[in-house]
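Listed below are the residues making up each chain.
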Amino acid sequence: MKSPGGQERPSSHARGGAGRRRGRGGASGGPAGLVGVRSYPFAGQFPAPPPASGSLNCPGQARSDTAALAQPPPPPPPPAQTSPGPVKMGAVPNRRLGSVRGVPMSSPPGRRARLSSPGTGRSSSEAREELRRRLLGLIESNRVMIFSKSYCPHSARVKELFSSLGVECNILELDRVDDGANVQEVLSEITNQKTVPNIFVNKVHMGGCDRTFQEAAILGKKVMVLDFVVPSPQGTSWVKHNWETMTEAIQNHIGSLNWGYRLSLREKAVAYVNSYGEFVEHHKIKATNRKGQETYYTAAKFVLATGERPRYLGIQGDKEYCITSDDLFSLPYCPGKTLVVGASYVALECAGFLAGIGLDVTVMVRSVLLRGFDQEMAEKVGSYMEQHGVKFLRKFVPVMVQQLEKGSPGKLKVVAKSTEGPETIEEVYNTVLLAIGRDSCTRKIGLEKIGVKINEKSGKIPVNDVEQTNVPYVYAVGDILEGKLELTPVAIQAGKLLARRLFAGCLEKCDYVNVPTTVFAPLEYGCCGLSEEKAIEVYKKENLEVYHTLFWPLEWTVASRDNNTCYAKIICNKFDNYRVIGFHVLGPNAGEITQGFAAAMKCGLTKQLLDDTIGIHPTCGEVFTTLEITKSSGLDITQKGC
């Protein structure tokens, strides 16, 4: 890739070393005029600290980080040019954060050092340990130590931060040293961070670019943020979130959907009766409207699609003071500090949404996240949420909810007990939202009068592969089916195919396996087919091959978001031409990605077909056309950033 000046720039920041690339000054991150392995972004010499283990100080010249890592020490260089003495970064007046243009820079005097393996005849392990010792020496002997690359924009931002703070720092440009790849690899073992910039302050590892900006106060600087948006000519400025406006819009949308459904029924000559139905005898039901008026209907066939309602805990104060997901968007006030009880996709979606608008949110989990989903993916979803502000209380269940104050919202005290011992905890919240599952609406519709069997514990109805109950003229679809996915599109598809079989002579049955779905958590998780646990149960582990990788979405690169969070995985049946039986993706727009691949899975998608598909660059879905690493190989799947 060409830089604005026509100079060749690297396409990846993953490894330093072999090419010893030359970076341009300015926004590209490398100080103008520096061609050596050392990089001090400003002219002048830095005072040499007391020698640390393995460090080298060359009399009469500026201290060199690379010299501190090389052995044997170089001979004394020629006398250096006169230097104004120690210069503090940020000393240039009228400097603007985010630019390095206009800052006088020059190469510090001294000879170029090479980061070759220390000594001759040493084993690679000894050389590696020596390199590790010298890196630790740099960290120990510098108040601020930055491991950088001259062309990395995130490194440039960090350098400019310390410049604006007037803080002296030592910088080692990994792309300007011989064997920089080994240096970065050893550094990653020390810090568990594979990218640059890699920053230490007072010997404490700060992390990368974003973390350093957040922790600037550690340097003893006062920080102020002034935020003012000048309204546009039409008077528009930033919009603050308004709960009432949002819920009104949502209710209007739901109302429009309901009206659309009723209109569609009327257009298709389907009688719509707003009444509660229950069987009174075979082939006969009673319908009671809200005024208590009863009407009786008979039919040859019946379809049950009564759905489910949220479940309560059965503890003191749950129905009096708690809300459910059904109530959330009817709540007339912002819920404030919220406890979400449960770990279903509904629980995580609600928690993520509330945290996203800035609320203090805690999720109380009885056992595992997203039961029934792939557990590796579920834990990744939870981990991302936790890293972005959602708190999790694992292995606890509420035992009492007590109202402390009335209000909109009020204050509720929640007492919870550990599922693994006698420990109890209590905390005060404004709102407690229950998302612990839903109960099927099957117990009060007279099924016992006609002999339809239900699961006594769950209320679910067992059916055969054509949605037929044990009573031949009664069918069921949707969430009330035992062992089937509780998703609206599944119910719609099953009902449509049922009608075609009953009245149009069709034979097609609903596929309950290759069902695409997405958990709309803060980082979306999309899947289709079997979880890894279910695939192992059905096909046995030795008959499967799992291909996987971490990936870095393009829209995350410029924002310097983590390059090892998003994850893709396919599960293949080795003895069925490597057919894809499980598809899983965690990343932005996972739902959109999954919808497309679900159609391919319906057509018998195989690993070879994925390999033969040309990817669209740069998209997240492209990663599935380049999967190479299998879980069984044990190879590293982490992405190497700059």
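Residues numbered from 1 in each chain as written. Predicted model: local features only at pLDDT ≥ 70, side-chain atom pairs only at ≥ 80, totals over all residues. Heavy atoms only, no water.

### Points about a nonpolar patch on the surface
Moving on, step 1. Taken together, the side chains of L265, V270 and Y272 present a nonpolar region at the surface, about 250 Å² in accessible area.
Moving on, step 2. Of note, V270 is situated in the loop between α6 (243–267) and β5 (276–281). (Patch = residues over 30% accessible without salt bridge, like charges linked within 9 Å, V, L, I, M, F, W, Y side chains within 5 Å. Areas by Shrake-Rupley, 256 points an atom, 1.4 Å probe, with all protein chains shown as cover. Salt bridge = Lys/Arg side-chain N within 4 Å of Asp/Glu carboxyl O. Helix = DSSP H or I, 4+ residues; strand = E, 2+ residues; numbered from the N terminus.)

### Examining the packing of aromatic side chains
Moving on, step 1. Summed over all chains, the structure comprises 11 aromatic pairs.
Moving on, step 2. Seen in terms of ring centroids, F373 and Y525 are 6.0 Å apart; in terms of plane orientation they differ by 65°. Their pairing is edge-to-face. Residue F373 is found in the loop between β12 (361–365) and α10 (375–387), and its partner Y525 is found in strand β21 (residues 525–529); the two are separated by 152 residues along the sequence. As far as the burial class goes, F373 and Y525 line up, both buried.
Moving on, step 3. When the ring of F597 is compared with that of F624, the centres are 5.2 Å apart and the planes differ by 55°; the resulting orientation is tilted. Taken as a pair, F597 in helix α15 (residues 590–602) and F624 in the segment after α16 (607–612) lie far apart in primary sequence, 27 residues in all. Grouping residues by exposure puts F597 and F624 together as buried.
Moving on, step 4. An aromatic cluster is built from W243, F329 and F353, whose rings are joined through pairwise contacts.
Moving on, step 5. Across the ring face of Y429, the terminal group of K337 is positioned such that the distance to the ring centre comes to 5.2 Å. (Phe/Tyr/Trp six-rings, centres within 6.5 Å; stacked < 30°, edge-to-face > 60°. Buried < 20%, exposed > 50% of the residue type's maximum accessible area, 1.4 Å probe, protein only. Lys NZ or Arg CZ within 6 Å of the ring centre and 35° of its normal.)

### Structural notes on the pattern of salt bridges
Moving on, step 1. Tallied over the full model, the rule gives 28 salt bridges.
Moving on, step 2. With a shortest N-O distance of 3.8 Å, K286 and E278 are connected by a salt bridge. Accessibility classification places K286 together with E278 in one group, the buried group.
Moving on, step 3. Ionic pairing is found between R443 and E456, a salt bridge with its closest N-O pair at 4.0 Å. Of this pair, R443 sits in the loop between β18 (438–440) and α11 (447–450) while E456 sits in the loop between α11 and β19 (474–476), and the two are 13 residues apart along the sequence.
Moving on, step 4. Residues participating in the shared-partner salt-bridge network are D374, E376, E532, K569 and K631.

### A few points about the nonpolar core
If you look at soluble globular proteins, the nonpolar side chains tend to sit buried side by side.
Moving on, step 1. Membership of the largest hydrophobic core comes to 60 residues, with the highest contact counts inside it found for Y525, I570, F583 and F624.
Moving on, step 2. Among the elements that take part in this core, helix α9 (residues 345–356) stands out by supplying six residues, more than any other. (Core = buried A, V, L, I, M, F, W, Y, C linked by side-chain atoms within 4.5 Å.)

### Some words on the pairing of strand β6 (residues 284–288)
Moving on, step 1. Note: β5 against β6, five bridges, orientation antiparallel. Looking at β6, one finds that E281 is bridged to K284.
Moving on, step 2. Connecting the antiparallel pair β5 and β6 is a turn made up of two residues, with H283 showing a positive phi of about 65°.
Moving on, step 3. Here β6 runs beside strand β7 (residues 294–298); their pairing, made up of five bridges, is antiparallel. Along β7, the bridge assignment pairs K284 with T298.
Moving on, step 4. Connecting the antiparallel pair β6 and β7 is a turn made up of five residues, with G292 showing a positive phi of about 90°. (Pairing = 2+ DSSP bridges.)

### Some details on the side chain of E532
Moving on, step 1. Inspection of the secondary structure puts E532 in helix α13 (residues 532–539).
Moving on, step 2. When its relative accessible area of 14% is taken as the criterion, E532 is described as buried.
Moving on, step 3. E532 has contacts with D374, E376, V546, K569, I571, H584 and K631, leaving out every residue within four places of it along the chain. (Contact = heavy atoms within 4.5 Å.)

### Some details on the confidence of the model for the protein chain
Moving on, step 1. When the pLDDT values of the protein chain are averaged, the result is 81; 76% of them are 70 or greater.
Moving on, step 2. Confidence drops under a pLDDT of 50 for residues 1–118, and excluding neighbours within four residues, the segment shows 253 contacts in the predicted structure. (pLDDT = per-residue confidence, 0-100.)

### Focus: the pairing of strand β16 (residues 424–429)
Moving on, step 1. Where strand β15 (residues 411–418) and β16 come together, six bridges link them in antiparallel fashion. Bridge pairing in β16 places A416 opposite I425.
Moving on, step 2. Here β15 folds back onto β16 in antiparallel fashion, the turn holding five residues.

### Thoughts on the sheet that holds strand β13 (residues 391–394)
Moving on, step 1. Strand order in the open sheet made by the five strands is β10-β17-β11-β12-β13, with parallel pairing throughout. Edge positions in the open sheet fall to β10 (323–324) and β13, since each of these has one partner strand only.
Moving on, step 2. Two elements, β10 and strand β17 (residues 431–434), share two bridges in a ladder whose sense is parallel. When the bridges of β17 are listed, T324 appears paired with L434.
Moving on, step 3. Against the sheet, α9 touches β11 (338–341), β12, β13 and β17, its axis set at about 165° to β12. (Axes fitted to C-alpha atoms, helices over the stretch in contact; angles between N-to-C directions.)

### A short note on the packing of helix α2 (residues 124–141) against helix α4 (residues 180–191)
Moving on, step 1. Across the interface, α2 lies against α4 with an axial gap of 10 Å and an inter-helix angle of 70°. Considering their axes alone, α2 and α4 lie roughly perpendicular with respect to each other. Regarding α2 and α4, the two cross each other, and that crossing is right-handed. Each of R128, L131, R132, L135 and L136 in α2 lies in contact with α4, whose residues at this interface are N182, V183, E185, V186, L187, E189 and I190. (Parallel < 35°, antiparallel > 145°, perpendicular 65-115°, else oblique. Left-handed = near helix turned anticlockwise from the far one by under 90°.)

### Details of unusual backbone geometry
Moving on, step 1. Of the consecutive residues S408 and P409, the connecting peptide bond is found in the cis state with omega at 5°.
Moving on, step 2. Omega for the bond connecting H617 with P618 falls within 30 degrees of zero, at 0°, which places this linkage in the cis form.
Moving on, step 3. Take P618: it is sitting in the segment after α16.
Moving on, step 4. Non-glycine residue Y578 carries a positive phi angle of around 55°.
Moving on, step 5. Secondary-structure assignment places Y578 in the loop between β23 (566–573) and β24 (579–586).

### So, the sheet that holds strand β3 (residues 198–201)
Moving on, step 1. Ordered in space as β2-β1-β3-β4, the four strands form an open sheet in which the pairing is mixed. Edge positions in the open sheet fall to β2 (170–173) and β4 (204–207), since each of these has one partner strand only. Averaged over all pairs of adjacent strands, the angle between their axes in this sheet comes to 20°, without regard to strand direction.
Moving on, step 2. Here strand β1 (residues 144–148) runs beside β3; their pairing, made up of four bridges, is antiparallel. Pairing of I146 across the sheet is with I199, part of β3.
Moving on, step 3. Across the sheet, helix α3 (residues 153–165) is in contact with β1, β2 and β3; its angle to β1 comes to roughly 160°.
Moving on, step 4. The sheet contacts of α4 involve β1, β2, β3 and β4, and relative to β3 the element is tilted by about 55°.

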